Amino acid sequence: MKMYVAKIEVWNGRSFQLIDFQQSQTQESLGSVIREYVAAMGLKLIYWYES
């Protein structure tokens, strides 16, 4: 099973955080999953890139 690994930078209202993000292969795109995760956590996505 393929694993996707990305780094995401988010803003929590007080500071920036750099988070390692992992996802196994699914039907959803990595970008969609990252956006859903950030929204669910109440954060603002600054940028992300696959590593």
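From a predicted model like this one, the values you see are computed outputs, not experimental measurements.

Peer 1: Account for helix α1 (residues 30-40), naming residues and giving values.
Peer 2: Those residues of α1 lying buried are L30, G31, V33, I34 and V38. Buried residues of α1, viewed axially, fall in a sector of 160 degrees; they line one side. Exposed side of α1, more than 90 degrees from the buried face: A39 and A40 are the residues found there. Packed against the buried residues of α1 are β1 (3-11), β2 (16-24) and β3 (44-50). Looking one or two residues past α1, G42 carries a phi angle of roughly 75 degrees, positive in sign.

Peer 1: I'd like to hear about the nonpolar core, residue by residue, with values.
Peer 2: With nine residues, the main nonpolar core is built from A6, I8, V10, I19, F21, L30, V33, I34 and V38. Looking at this core, the elements with two or more residues in it are β1, β2 and α1. The element contributing the most residues to this core is α1, with four residues.

Peer 1: Outline the sheet that holds β3, listing residues and values.
Peer 2: The strand order β2-β1-β3 describes an open sheet built from three strands, whose pairing is antiparallel. Pairing within the sheet leaves two strands with one partner each, and these edge strands are β2 and β3. Strand-to-strand, the axes of this sheet are offset by a mean angle of 25 degrees, without reference to chain direction. In this structure, β1 lies alongside β2, joined through nine bridges in antiparallel fashion. Its bridge partner lying in β2, I8 is registered against I19.

Conventions adopted
- Residues numbered from 1 in each chain as written.
- Predicted model: local features only at pLDDT ≥ 70, side-chain atom pairs only at ≥ 80, totals over all residues.
- Heavy atoms only, no water.
- Buried < 20%, exposed > 50% of the residue type's maximum accessible area, 1.4 Å probe, protein only.
- Helix = DSSP H or I, 4+ residues; strand = E, 2+ residues; numbered from the N terminus.
- Arc of directions from axis to C-beta.
- Contact = heavy atoms within 4.5 Å.
- Core = buried A, V, L, I, M, F, W, Y, C linked by side-chain atoms within 4.5 Å.
- Pairing = 2+ DSSP bridges.
- Axes fitted to C-alpha atoms, helices over the stretch in contact; angles between N-to-C directions.

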